[in-house]
Amino acid sequence: MSHHQLDARRLLCPMPVIKVQQKVKELVDGDILEVICTDPGVLHDIPAWCRVHGHMLMSSEREEKEIKLLLRVKK
Amino acid sequence: MNKPRKAVALISGGLDSMLATKTIIEQGVHVEGINFYTGFCVEGHTHAIRSKDQAKPKRNNALWVAEQLGIKLHIIDVVEEYKNVLLKPKHGYGAHLNPCLDCKIFMVKKAKQWMEENQFDFIITGEVIGQRPKSQRKVTMPIIAEQSGADDRLLRPMCAKNLPMTLPEREGWVNRELLHNFTGRSRKPQFELAQQYGIKDYAQPAGGCCFLTNEHYSAKLADLWRSRGKREYELDDIMLLKVGRHLRPQSHFKLIIGRDEGECNFLEGYRSQFVHLRPTSHQGPLMLIDGEPGAEDIHLAAQVLARYSAAEADQVTVEVNSIDGVSWPLQIKPMLAEQIPQEWYV
């Protein structure tokens, strides 16, 4: 299990979701992916994407203009 | 025992593709969705920009549909490849710069590629004969199937009974009798089917799901190409066309003015790429200047910006910022609304 980061700042939905999707393809079961975004749309879209693909959203935090999401990959 | 069959569904986020997919899921076929991001999608991000839309739910309808149907959804970035579709449409444009038929052929072709790479058996779409004047006509259905290369692996569950049998029907992967025979622009059969499936909530995007079908957006894109003397674009170009007031006082420069806080925040992200102006003596929006403005042009731009900042004021201080980070103030008398020629508005 390893920890990975993805910078999706300034990208508007659905681009952050597409980037997460691409990144997750490279990861293995149990890996943790930390995603940093600025589009508030990700607060809905990334959790929804995790649900339809069976990944686990561990947390989502909003600090001023940045949003940090933490997800655990399930494969 | 029969091999379980797998279908990939083009999911737009609207009702038709949702119902088409549900129809096939009900027949025991494993379905996964695919959704293409061209850069012109109205979906999602546009609502995230404007302040007036902030209160609206920011859900991505394609993802939402997938979740309702319990299927996976793969969102594919086709921004680069889509340029060829928009710039050289073999079948031409619709009412505006919408290459709907070429677009559909392209998407089905991409879905076929995905189908082959992932060992799926056929493709489904929510197309209905007669629903769209350019791309969803009886005569275009075989063109899409043939030119995409999908041929008879392309199944349209919503109007399948009005079309020749496809491979999934012939092979018994799906039961043709349980497919539909919808035609025309009426939405009544779809609403009835939705009710039958217990689907109560679905997206009904006003004005369609693609900016290219929008008259004003297409006019801005045509203006961009005209001013550059060539038909080309990058993602940032087409994103900026979705945001702000666009005024072109002369062919070599254009003004982009945020209409609210959300748009100004969005434009902030482009400051390093454009000469940009903001009022400092009064509240007001951010303005980007697209092009290569001279000193007189910047003066004119500041007058226009002052009009959108403090139209009643005698003097407004506007800060000008060059791309290389140099800033200087301008004392400006706002232009009157009637002094801004209507033909400047793109």
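Along every chain, residues carry numbers that run from 1 in the direction the sequence is written. By the order in which they are written, chains take letters starting at A while ligands take numbers starting at 1. Reporting in this predicted model follows two pLDDT cut-offs: at least 70 for local features of residues, and 80 or more for side-chain atom pairs to be given and counted; totals over whole chains, interfaces and linings ignore these cut-offs and use all residues. Side-chain numbers come from the whole structure's heavy atoms, not from hydrogens or water.

Student: Mind showing me how you'd approach the overall build of chain A here?
Tutor: Runs of H or I in DSSP of at least four residues are treated as helices and runs of E of at least two as strands, each being numbered from the N terminus. Counting its regular elements, chain A contains 2 helices and 4 strands. Look at the contacts in chain A between residues 6 or more apart in sequence, and 68% of them connect residues 24 or more apart. The accessible surface values rely on the Shrake-Rupley method and a 1.4 Å probe; as for residues, cover is taken only from the protein chains in view. Accessible surface, chain A as shown: approximately 3,700 Å² in total, 49% of it carbon and sulfur. Counted as positive: Lys and Arg. Counted as negative: Asp and Glu. His and the chain ends are not counted at all. Charge positions come from single atoms, namely NZ of Lys, CZ of Arg, CG of Asp or CD of Glu. Taken as two groups, the 12 positive and 11 negative side-chain charges of chain A have centres that lie 4 Å from each other. Contacts: residue pairs with any heavy atoms within 4.5 Å of one another.

Student: What is the right way to look at the interface of chain A and chain B in this model?
Tutor: Many authors give the size of an interface as the accessible area that is lost as the parts come together. Taken together, the contacts link 19 residues of chain A with 23 residues of chain B. Across the interface of chain A and chain B, roughly 1,800 Å² is buried in total on both sides, 63% from carbon and sulfur atoms. Using a 1.4 Å probe, buried area is obtained as the accessible area two parts lose upon being combined, added over both of them. When the buried area of chain A at its contact with chain B is split by residue, Arg10, Leu12 and Val52 of chain A rank highest and sum to 29% of it. Put simply, a salt bridge is a Lys or Arg side-chain nitrogen that is within 4 Å of an Asp or Glu carboxyl oxygen. Counting across the chain A and chain B interface gives 1 salt bridge. One salt bridge in this structure joins arginine 51 of chain A and glutamate 67 of chain B, with 2.3 Å as the shortest N-O distance. Tallying contributions element by element places helix α2 (residues 42–53) of chain A first for the side of chain A that touches chain B, with 7 residues.

Student: Just checking my understanding: could you explain the sheet that holds strand β6 (residues 245–250) of chain B for this structure?
Tutor: Think of a sheet as strands paired side by side through backbone hydrogen bonds, with each pair either parallel or antiparallel. Residue and element names in this part refer to chain B. Here the rule is simple: two strands pair whenever DSSP picks up at least two bridges between them. As summarised here, the arrangement of the 6 strands in space is β6-β7-β9-β8-β10-β11, forming an open sheet in which the pairing is antiparallel. The open sheet is flanked by β6 and β11 (327–332), the only strands paired with a single partner. The average angle at which neighbouring strand axes cross in this sheet is 25°, direction not considered. Here helix α12 (residues 295–307) sits on the sheet and contacts β6, β7 (253–257), β8 (275–279), β9 (287–291), β10 (316–321) and β11; the angle it forms with β11, its principal contact strand, is near 65°. Axis definition: a line fitted to C-alpha atoms, over the contacting stretch in the case of helices. Angles run 0 to 180 degrees between N-to-C directions.

Student: Looking at this structure, I do not really get the sheet that holds strand β3 (residues 56–63) of chain A. What am I missing?
Tutor: All names here are of chain A. Strands sit in the order β1-β2-β4-β3 across an open sheet of 4 strands; the sheet is mixed. Single-partner strands in this sheet number two, and they are β1 (3–8) and β3. Strand-to-strand twist in this sheet, taken as the mean axis angle between neighbours without regard to direction, amounts to 15°. Here 6 bridges tie β1 to strand β2 (residues 32–37), and the two strands are oriented parallel to one another. Of the residues in β2, the one forming a bridge with glutamine 5 is glutamate 34. Together, β1, β2 and β4 (66–72) form the strand contacts of helix α1 (residues 15–26), whose direction differs from that of β1 by roughly 155°.

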